Structures are given as structure tokens and as C-alpha cells.
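As a plain string of letters, each chain reads:
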Amino acid sequence: MGEGTSASAQPLWAGRFSEVPEDELARFGASLAFDARLWPQDIEGSVAHATMLAARGIISQEDADAIVAGLRGIADELAEGTLVLDPETGDEDVHMAVERVLTERIGAAGGRLHTGRSRNDQSVLDTRLYAKAAAEQLMAASAELAGVMLARAEESRDVILPGYTHLQPAQPVLLAHHLLAYFWMFRRDYVRLAAARDAADASPLGAAALAGTTYPIDRAATAEALGLSGVIPNSMDAVSDRDFICDLVYACALAQVHLSRLCEELILWCSAEFGFCEMDDAHSTGSSIMPQKKNPDFAELVRGKSGRAIGNLVSILTVLKGLPLTYGKDLQEDKEALFDAVDTLSGSLMAVTGMMRTLSYRVDHMAEAACEGYMAATDLADYLVSKGMPFREAHAVVGRVVARCVAEGRTLQDLSVDELAEMDASFDEGALAALDITQVVARRNSEGGTGHDAVEEQIRLAREALAEMA
Ligand code: ARG
């Protein structure tokens, strides 16, 4: 062995080498520091593989039993923490580390485990098993958050607040309607995560390095043992496809963007200037210098983490874009993007679910704001339309009414019928009812609108959708 190589064990592939990379370079190439978390999947995959090898007579039953017992023992110790996969041992990745420990413990039988298998099919199998389970956990967490949004909507059926376009007061809406808009976002996140789970749900095991194997393996048996729905039909595709990672990382990125939008709104709404809600103390933080501060730190952090969520998507797509078939070491870069996307979304869903569950609304401030900002202007124009005026003309008349109110520092509701009639003869008593904010909301009963009846129907649809989730 060459000078400068480590005191650590030689790589399992060292046979054809006269020298192997020095420690620093080996560490650069190693993935154990981040793929160690795949040990449960790696062991599960190896148990299935060894069992299949024995069933096909490729290894003896005795060897398979020793391998399975050895792997189970390793799994127990890893779970307890009495065994740790330490990058300092010099193991390149989780696959090498588990195989090394196994072989140290059970001897020659351990050396038979890798028959008819490559790390190329092994590592992507582990990653698929991980992605499938992670997608399911995120689906459950998204369903929980969707459920909280729906519950909060159901208790906010009578609360009116301004709806905004361009962040300018536009038309009043029910708080329930506003919250349900997020419900549907989270519902779509759930559906996307489910699609990503399904994309991961196929077995690459048996593809070996890239071309399949000469051993009479049984790919369907290992797929079934691992709870995967089938086998990937092309061995070259099996070892090089990472679309399932892109799907999951995209689902995570978009879900994170949704959370970020909600958090941005909470941050605005909790400001003194909006004053629409107050974050629970246990979901806020204070300042080290300003005693009066109550900061929506966790909402800000979720918003900030959308940067890494989007970065992870760019990262995985870029890793794949120039890669010829089949495996390239570039693909080792698939895992950190995936793990970070999952961890980031998982933490963010936890934080936002707690925030939304405990948030208190300042209903009086919302109602006050809903009466300012001339948000009944469209309805006043519609009133003129009901009197026979073309909408374009009515728009112009009400525009002049608003301009007058702005100049005089008054609201539309401050105007008398006489003052209105001065501006256009079509205005009469009925115009005052058109300006009533509760009525402005209640009239919008078109399908999917903010009127009470339309929102009741929407709540019914949301209940149905939630029942199909998780
Ligand atoms: N640690 C590697 C990865 O994550 C495992 C596969 C290595 N295969 C190879 N032929 N070097 O991609």
C-alpha cells in the first residue's frame, strides 16, 4: 500500500490498486458523514437480498441465516446507539460501513452478501426506500396542517377582513375564506407528495452495476419483501434514474414556498400596523436588548428556509443535467439535497402547524379595517348597474365618489343619500344597503366566492378532501 495512506482499514475495493487515496482525499470522496442515516434502509435491503440469494440457491441457507442475524444485531445496536457509523473509521459510505462491521462479526459469510449486487443498485434502493417513507411522513404532516386550517376556518365563519390585491385593500372577505385558500394549497402539497412517494416506489435492486447479473436472482421477490410495488424494467435506468428525488424535492420546495407565503402574511398581520392577529407567546421570541419586543421568529425562519428548499431543487436538477448513462459519482450528491429538503419541510410544517393552531385573531381590528379603504366601491358601481347604467360608466361615477371621499377624509359609508345623488341622479336609498360591508361579503355567493353560502359549500368540499388525506 502506498505511502500516506491512512491507518484506517483499506477500502473493500482495494484489490487492483497499488495505492489508494490519502485520508484527506478519501474523506472528500466519502459520503458516510451524510448517508449514515440510511442504515435502516441499507440493512432492510441487505436482508431481502440475502434471503433471496438463499432461496435461489446462490448462497447457502446457513450463510443467509448468519448474514440476517448479523445484520439484525447491527441494526439493534445502531438503534440503541451502542454502535455508531463513524466517518473517522475511514469507511466510504453506509454500504461499506455496514458490510465491514458484518464481515468483522460473522467472517466469510459476510463476504457473500454482495453477490449479484453492486453499490449502484444498493445505494439507489436505500434512497428510494428513504424517499418513500419520508414522503409518507410529510403527507401526514401536510394533512395535519390542512386540518388545522380547516378547523380555524370553521370557527371564523362570521369574521370579515379586507381582502387584498397589490397589498391594497380590495374587497372584504370572510376570514374562513382566506384560511381555506391555504387549505387548498396544503391539499395540493399532499397530492404532490403522494405522487413523489409513488415515483420512489419501485425496486432497482438486481440491476447490479448497470447491466444486470449472471446469477439467477429474483427481483420480484426482493421488491415484494421490501414492500415496493414492482421492479424497474431497465437495469441502466434503475441505477441512474433520480427522477423520484427531483419529484420529492420539487414537492418539498413548493410546499415550503406555500409555508413561506403564509408566514409572510402572519408576519405582516402580527405587525402593529396591521394588528390582525397575535402569535402565541410559546411560538414567539423576545429581543436581547428591547424588552418590549415580541418577534415572529419562527415564521421568519420558515420564510427564510424557502431559500434552501429552492436551492435543493436547483442542486439536484443540475447534478443530473450533464450525466451520461449510467452511474457517475456525481449521483452521490443526490442525497444531501434530498435529506435537506425533507428535514427543512418537516421542521417547517411542525412550526407552522403549532403557530396556526395557537394564533389569536384580532377580529375587531379586522372588521375596522374592512370598513376603511373603500372596499364597497365595486358594489356601489354594481348598484348603478342594477339601475340600468353600463358598468364602465358606473365605474367612472364611483371613481369620482371615491376621489371626493379621499379629498374629504371620509369613508363611503359616511356619505348621505343626498350627497350621493348630487354626484349622480341614479343614486337613491338603496345605495346605502349596497355599502353595508356585511352585505358586500354576503352577496358574493358565486361558486368558490366569499359569500356565506358559498363558503359553507367550500367547507363541505374541504371536509371531504381532508377525509381522503392520511
Ligand atoms: N456512496 C455512493 C453513492 O452514494 C454509493 C455508490 C458508489 N458506487 C460506486 N460505483 N462508486 O452514490
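Bear in mind that the values here come from a model prediction, so they are computed numbers and not experimental data.

The rules behind the values
- Residues numbered from 1 in each chain as written.
- Predicted model: local features only at pLDDT ≥ 70, side-chain atom pairs only at ≥ 80, totals over all residues.
- Heavy atoms only, no water.
- Axes fitted to C-alpha atoms, helices over the stretch in contact; angles between N-to-C directions.
- Helix = DSSP H or I, 4+ residues; strand = E, 2+ residues; numbered from the N terminus.
- Parallel < 35°, antiparallel > 145°, perpendicular 65-115°, else oblique.
- Left-handed = near helix turned anticlockwise from the far one by under 90°.
- Contact = heavy atoms within 4.5 Å.
- Nonpolar A, V, L, I, M, F, W, Y, C, P; charged D, E, K, R; others polar.
- Pairing = 2+ DSSP bridges.
- Expected span 1.5 Å × (residues − 1).
- Buried < 20%, exposed > 50% of the residue type's maximum accessible area, 1.4 Å probe, protein only.
- Arc of directions from axis to C-beta.
- Salt bridge = Lys/Arg side-chain N within 4 Å of Asp/Glu carboxyl O.
- Core = buried A, V, L, I, M, F, W, Y, C linked by side-chain atoms within 4.5 Å.

(A) The arrangement of the packing of helix α6 (residues 119-154) against helix α19 (residues 452-467) in detail. At their nearest, the axes of α6 and α19 sit 11 Å apart, and the two run at 155° to each other. Taken together, the axes of α6 and α19 are roughly antiparallel relative to one another. Remark: the crossing between α6 and α19 carries left-handed chirality. Listed contacts from α19 to Ala143, Ala146, Gly147, Leu150 and Glu154 of α6 are Ile459, Ala462, Arg463 and Leu466. Its residues assigned to classes, the contact of α6 with α19 comprises 6 nonpolar, 1 polar and 2 charged.

(B) Here's a closer look at the pairing of strand β1 (residues 160-165). As paired strands, β1 and strand β2 (residues 168-174) are joined by 6 bridges and run antiparallel to one another. Each bridged residue has a counterpart across the sheet, and for Ile160 the counterpart in β2 is Leu174. Connecting β1 to the next strand, β2, in antiparallel fashion are 2 residues, including His166 with a positive phi near 55°.

(C) Summary view of helix α15 (residues 391-408). With 18 residues, α15 should reach 26 Å at 1.5 Å per residue; the first-to-last C-alpha distance of 26 Å fits that figure. Of the residues making up α15, those classed as buried are Ala394, Val397, Val398, Val401, Val402, Arg404 and Cys405. For α15, the arc enclosing every buried residue in end-on projection is 155°, short of the 170-degree limit, so these residues lie on one face. Turned more than 90 degrees away from the buried face of α15 sit Arg392, Val406 and Ala407, all of them exposed. Those residues of α15 that are buried lie in contact with α14 (377-386) and α16 (417-423). Immediately beyond the C-terminal end of α15, within one or two residues, lies Gly409, with a positive phi of roughly 65°.

(D) Structural detail: the pattern of salt bridges. Here the structure, examined in full by the defined rule, presents 36 salt bridges. A salt bridge links Asp379 to Arg443, with the shortest nitrogen-to-oxygen separation between them at 3.0 Å. Separated by 64 residues along the polypeptide, Asp379 in helix α14 and Arg443 in the loop between α18 (437-442) and α19 bring together distant segments of the chain. A relative accessible area of 5% places Asp379 in the buried class.

(E) Quick look at the nonpolar core. Counting residues in hydrophobic clusters, the biggest one holds 128 residues, and the most contacted among them are Met356, Leu412 and Phe427. Considering each element in turn, this core owes the most residues, 15 residues, to helix α10 (residues 243-269). Non-local contacts of Met356, meaning those with residues more than four positions away in its chain, are made with Leu145, Val148, Met149, Arg152, Leu179, Leu262, Leu266 and Tyr361. Membership of the second largest hydrophobic core comes to 7 residues, among which are Ala48, Leu129, Leu226 and Leu228.

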